[in-house]
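Results of the structural survey
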Amino acid sequence: GGEGASSPTASSSTDSTTVRFRNTKGLGSKTHPKVQMYCLMSVAGSYTDFHVDFGGTSVWYHLLFGKKVFLLAPPTAANLAAFS
């Protein structure tokens, strides 16, 4: 993890980037992703559009105040076509 922050074990042990690059030479490696941890902060009323997180990262959330609502859509042919 980063200085002063670390991800939960359940997240870091299943993160595809961590698992895939476990035996490389770290961030100096040409193939190793440059970002392993980042902080995303948002204000009341904001939203994140549909997306796939970069580099195969696992995401974990920590809320200080308020709530985060996730809207999930089943992977039907129509839903997959809408995002292709």
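Scoring rules and cut-offs
- Residues numbered from 1 in each chain as written.
- Predicted model: local features only at pLDDT ≥ 70, side-chain atom pairs only at ≥ 80, totals over all residues.
- Heavy atoms only, no water.
- Helix = DSSP H or I, 4+ residues; strand = E, 2+ residues; numbered from the N terminus.
- Buried < 20%, exposed > 50% of the residue type's maximum accessible area, 1.4 Å probe, protein only.
- Contact = heavy atoms within 4.5 Å.
- Areas by Shrake-Rupley, 256 points an atom, 1.4 Å probe, with all protein chains shown as cover.
- pLDDT = per-residue confidence, 0-100.
- Phe/Tyr/Trp six-rings, centres within 6.5 Å; stacked < 30°, edge-to-face > 60°.
- Lys NZ or Arg CZ within 6 Å of the ring centre and 35° of its normal.
- Patch = residues over 30% accessible without salt bridge, like charges linked within 9 Å, V, L, I, M, F, W, Y side chains within 5 Å.
- Salt bridge = Lys/Arg side-chain N within 4 Å of Asp/Glu carboxyl O.

**Digging into the overall build of the protein chain**
In terms of regular secondary structure, the protein chain is built from three helices and zero strands. Reading the protein chain from its N end, one meets helices and strands in the order α-α-α. The buried share of the protein chain, reckoned over its 84 residues, is 10%. Across the protein chain, every contact between residues at least 6 apart in sequence was considered, and the portion connecting residues at least 24 apart equals 49%. For the protein chain, the accessible area works out to roughly 7,600 Å², and carbon and sulfur atoms hold 60% of it.

**A word on the confidence of the model for the protein chain**
Looking at the protein chain as a whole, the pLDDT averages 75, with 70% of positions reaching at least 70. Considering each helix and strand of the protein chain separately, the mean pLDDT is smallest for helix H2 (residues 16-20), with a value of 71, and largest for helix H3 (residues 77-82), with 90.

**Describing the packing of aromatic side chains**
For any pair of aromatic rings, geometry is given as the distance between the ring centres together with the angle between the planes. The final tally for this structure, using the stated rule, is one aromatic pair. Measuring from ring centre to ring centre gives 5.2 Å for Tyr61 and Phe70, while their planes differ by 75°; the resulting arrangement is edge-to-face. Tyr61 gets classed as partly exposed once you look at its relative accessible area, which sits at 46%. For the cation-ring pair, Lys68 lies above Phe70, with the distance from its terminal atom to the ring centre recorded as 5.9 Å.

**Side note on a nonpolar patch on the surface**
A cluster of nonpolar side chains, namely Tyr38, Leu40, Val59, Tyr61, Phe70 and Leu72, defines an oily patch on the protein surface of about 700 Å² accessible area. Mapped onto the secondary structure, Tyr38 falls in the loop between H2 and H3.

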